[in-house]
Amino acid sequence: MESDLIDIGTLARVTCPVLALHGERDEYGSAAQPANIARWAARPAQVTIFPGAAHMPQRKRPETVVALVALIQAL
């Protein structure tokens, strides 16, 4: 399945671990988008869905995002 919003060819060339963040209440997309990013990325990928968060979960929970970035950098 391809997506108009996700460039599958680019994801296949990613050379670093991927962290796909998504707000559970994102008004612009569904949880399928970060799941597809993780599936199509060439490197290890982690999907994190933020309960109750909207489109930009990093603004509501920056400390959680920083901790997740530190974890994925260790991969």
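Relevant structure appears above.
My aim in this report is to walk through the structure given alongside it, one point at a time. (Residues numbered from 1 in each chain as written. Predicted model: local features only at pLDDT ≥ 70, side-chain atom pairs only at ≥ 80, totals over all residues. Heavy atoms only, no water.)

## Looking at the overall build of the chain
So, step 1. Looking only at helices and strands, the chain has four helices and two strands in total.
So, step 2. Mapped in sequence order, the helices and strands of the chain form the string α-β-α-β-α-α.
So, step 3. For 75 residues, the compact-globule estimate of 2.2 N^0.38 gives 11 Å, and the C-alpha radius of gyration of the chain, at 12 Å, lies within 12% of that figure.
So, step 4. Taking the principal axes of its C-alpha atoms as reference, the chain extends roughly 30 × 30 × 15 Å.
So, step 5. Per-residue burial for the chain yields a buried fraction of 25% across its 75 residues.
So, step 6. For the chain, the share of sequence-separated contacts (at least 6 apart) that also reach a separation of at least 24 residues comes to 72%. (Helix = DSSP H or I, 4+ residues; strand = E, 2+ residues; numbered from the N terminus. Rg over C-alpha atoms; globule rule 2.2 N^0.38 Å. Buried < 20%, exposed > 50% of the residue type's maximum accessible area, 1.4 Å probe, protein only. Contact = heavy atoms within 4.5 Å.)

## Brief notes about the layout of surface pockets
So, step 1. Here the largest pocket defines a volume of roughly 150 Å³.
So, step 2. For the largest pocket, the full set of lining residues is Leu-21, His-22, Gly-23, Asp-26, Tyr-28, Gly-29, Gln-33, Pro-34, Ile-37, His-55, Pro-57 and Gln-58.
So, step 3. When residues of the lining of the largest pocket are traced back to their parent elements, those giving at least two are strand 1 (18-23), helix 2 (32-40) and helix 3 (57-60).
So, step 4. The residue inventory of the lining of the largest pocket, partitioned by class, reads five nonpolar, six polar and one charged. (1 Å grid on protein atoms, 1.4 Å probe; cavity = no way out; pocket = protein on both sides within 12 Å on 5 of 7 lines; lining within 4 Å. Points joined across faces, edges and corners; volume = space filled by probe spheres on them. Nonpolar A, V, L, I, M, F, W, Y, C, P; charged D, E, K, R; others polar.)

## Some remarks on the pairing of strand 2 (residues 45-50)
So, step 1. Inspection of the sheet shows strand 1 paired to strand 2 by six bridges, in the parallel sense. Across the sheet, His-22 pairs through a bridge with Ile-49, a residue of strand 2.
So, step 2. Of the crossover connections in this fold, the one passing from strand 1 over helix 2 to the parallel strand 2 is right-handed. (Pairing = 2+ DSSP bridges. Right-handed = clockwise from strand over helix to strand, strands pointing away.)

## Notes on helix 4 (residues 62-73)
So, step 1. Over its twelve residues, helix 4 runs 16 Å from end to end, which matches the ideal 16 Å to within 8%, given 1.5 Å per residue.
So, step 2. Here helix 4 has its buried residues at Val-65, Leu-68 and Ile-72. Summarising the axial view, the buried residues of helix 4 lie within an arc of 65°, below the 170-degree limit, and thus occupy one face. Facing away from the buried side of helix 4 by more than 90 degrees, the exposed set consists of Glu-63, Val-66, Leu-71 and Gln-73.
So, step 3. Contacts made by the buried residues of helix 4 are with strand 1, strand 2 and helix 3. (Expected span 1.5 Å × (residues − 1). Arc of directions from axis to C-beta.)

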